[in-house]
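Below are the chains, spelled out letter by letter.
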Amino acid sequence: MLRTAIIFALVAFGCGDPTNSQSSGWLASAAPARAASDSTGGDPLPSWNDGATKRALVDFVDRATREGGSDFVPLEARIAVFDNDGTLWTEQPFPPEVAFALDRMKQTSLAGAGSAGLLASAEAGMSTDAFARLVGDWIATATHPRFKRHYTELVYQPMLELLAYLRARGFKTYLVSGDETDFMRVWAERTYGIVPEQVIGTRLTLRYEEGSDGPILVRQPRVELMDDKAGKAVGIEEMIGRRPIVAFGNSDGDLAMLEWTTSAPRFRLGVLVHHTDAIREYAYDRDALVGRLARGLDEAAQHHWLVIDMKRDWNVVFPFERR
């Protein structure tokens, strides 16, 4: 229900072309989060504590990429999918996309439109370019209520290293999230190194129109794909056409994606990020309103899924801790 409410909010704020918006300066102003390079003494995962979890990840990659080995996976089949909220960046006390929706609704309301006006305006829609500018301007300035940092600074350094490590070993890395596709594509490449065509999210329908300055694509107030729970498996099949061999999530909303990935033949891995560190980030699982993880914890052993314990397995959480 929360994800549905978010999408209705997104439909509501997806209205009125912001003609006075300037091209976003966030690419220049937001500090990009970088993964570790080969200059870190040969360890591709320096922000991970030595232990069973790190060894299991490295062993999986080594076995999947070892030519001649029984678990070797050809280059074209090395597909890795990652949830976003709570898996690659912080999702508490609510996901950044929700913060964006709330900020946008406040701004529009202050401009004189009530909730009925928002929904009515949504039918007129907004061009995809205008929406991208809106998101870019917001992500450049919005800050987290607890950490007082830009949301793109609150990405998990260990996961950035893992993304870079997988790509260096021939994997294609995809973002598969309930967040809206157009929202993530604005900043995903800069933040995660994931290119726009490898971002799979919730999609609104689009309409082609002839604008005053040429053709535009206009966002429509109808959800084409809800990329959450079972919708993640659907989105993967529609957009990739191959079943992944490794999937990373953090909540019960990711279980269908992990099940879809690990239930097929061939060497595969499912991974859950368990938030256990209330000091450096947040601790939550079974009773959480956002990012609930209950069934996943109960069934991880049965499915042979790897569970990352944030407090135990990560010696650094955010990139700024390394400075």
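Shown above is the structure to which this text applies.
For the structure given in this document, a descriptive report is provided here.

Definitions and cut-offs
Per chain, the residues get numbers from 1 upward, laid out in the order the sequence is written. Given that the model is predicted, a residue must reach a pLDDT of at least 70 before its local features are reported, and side-chain atom pairs must reach 80 or more before they are shown or counted; all residues, however, enter totals for whole chains, interfaces and linings. Derived side-chain values reflect all non-hydrogen atoms in the structure, with water molecules and hydrogen atoms excluded from consideration. Helix and strand definitions follow DSSP, with helices as H or I runs of at least four residues and strands as E runs of at least two, each counted in order from the N terminus. Burial classes: relative accessible area under 20% of the type maximum marks a residue as buried, over 50% as exposed, and values in between as partly exposed (1.4 Å probe, protein chains only). We call two residues in contact whenever any of their non-hydrogen atoms come within 4.5 Å of each other. Each accessible area value is a Shrake-Rupley result obtained with a 1.4 Å probe; residue values ignore everything except the protein chains displayed when judging cover. A carboxyl oxygen of Asp or Glu within 4 Å of a side-chain nitrogen of Lys or Arg is what we treat as a salt bridge. By this definition, two strands are paired if DSSP reports at least two bridges between them. Seen with its strands pointing away from the viewer, a crossover is right-handed when the path leading from the first strand over the helix to the second is clockwise. Two joining distances apply to patches: 9 Å for like charges and 5 Å for nonpolar side chains (Val, Leu, Ile, Met, Phe, Trp, Tyr), and every residue must have over 30% relative accessible area and no salt bridge.

Looking at the overall build of the chain
Item 1. Secondary structure summary: the chain contains 13 helices and eight strands in total.
Item 2. Put simply, the chain has 323 residues, and 54% of those count as buried.
Item 3. Look at the contacts in the chain between residues 6 or more apart in sequence, and 72% of them connect residues 24 or more apart.
Item 4. Carbon and sulfur atoms form 52% of the exposed surface of the chain, whose accessible area is close to 14200 Å².

Side note on the environment of glycine 201
Item 1. In this fold, glycine 201 is placed in strand β3 (residues 199-211).
Item 2. Owing to a relative accessible area of 1%, glycine 201 belongs among the buried residues under this scheme.
Item 3. Put simply, glycine 201 and methionine 226 are 25 residues apart on the chain and 7.6 Å apart in space, counted from C-alpha to C-alpha.
Item 4. Not counting residues within four places of it along the chain, the set of residues in contact with glycine 201 comprises Ser177, Asp179, Thr181, Met184, Leu225 and Asp227.

Let's talk about the pattern of salt bridges
Item 1. Summed over the entire model, instances satisfying the criterion amount to 20 salt bridges.
Item 2. Here aspartate 298 ties to arginine 286 by a salt bridge, and the two come within 2.7 Å at their closest N and O atoms. In this pair, aspartate 298 is assigned in helix α12 (residues 295-303) and arginine 286 in the loop between β7 (283-284) and α12, connecting sequence segments 12 residues apart.
Item 3. Using a relative accessible area of 35% as the deciding quantity, one classes arginine 286 as partly exposed.
Item 4. Of the charged contacts in the structure, one is a salt bridge between aspartate 313 and arginine 312, with a shortest N-O distance of 3.0 Å.
Item 5. Overall, aspartate 313 belongs to the buried group, its relative accessible area being 5%.

Topic: the pairing of strand β1 (residues 79-82)
Item 1. Burial of β1 is two-sided: the residues Ile79 and Val81 facing one way and the residues Ala80 and Phe82 facing the other way are all buried.
Item 2. Pairing of β1 with strand β5 (residues 246-249) involves three bridges; the strand directions are parallel. Directly across from phenylalanine 82, in β5, lies its bridge partner phenylalanine 248.

Concerning the pairing of β5
Item 1. A two-sided burial pattern is seen for β5, the buried positions comprising Val246 and Phe248 on one face and Ala247 and Gly249 on the other.
Item 2. Strand direction decides the pairing type here: β5 and strand β6 (residues 269-276), joined by four bridges, are parallel. Paired with phenylalanine 248 across the two strands is valine 271, which belongs to β6.
Item 3. After leaving β5, the chain enters helix α11 (residues 255-262) and then returns to the sheet as β6, a path that is right-handed.

Examining a nonpolar patch on the surface
Item 1. Taken together, the side chains of Leu206, Tyr208 and Leu217 define a hydrophobic patch exposed on the protein surface, amounting to about 300 Å² of accessible area.
Item 2. Position of tyrosine 208 relative to the elements: it lies in strand β3.
Item 3. The class for tyrosine 208 is exposed, based on a relative accessible area of 53%.

Concerning the environment of threonine 128
Item 1. Note on placement: threonine 128 falls in helix α6 (residues 128-141).
Item 2. Look at threonine 128 and you get buried, because its relative accessible area is 19%.
Item 3. Separated by 54 residues in sequence, threonine 128 and aspartate 182 have C-alpha atoms that sit 7.6 Å apart.
Item 4. Ignoring any residue separated from it by four or fewer positions in sequence, one finds threonine 128 in contact with Asp182, Leu206, Leu217 and Arg219.

Section: the side chain of threonine 90
Item 1. Tracing the sequence through the fold places threonine 90 in the loop between β1 and α4 (96-110).
Item 2. Once residues within four sequence positions are removed from consideration, threonine 90 is found in contact with Pro96, His144, Leu154, Tyr156, Glu281 and Tyr282.

Everything listed here is a matter of geometry and, on its own, says nothing about what the molecule does.
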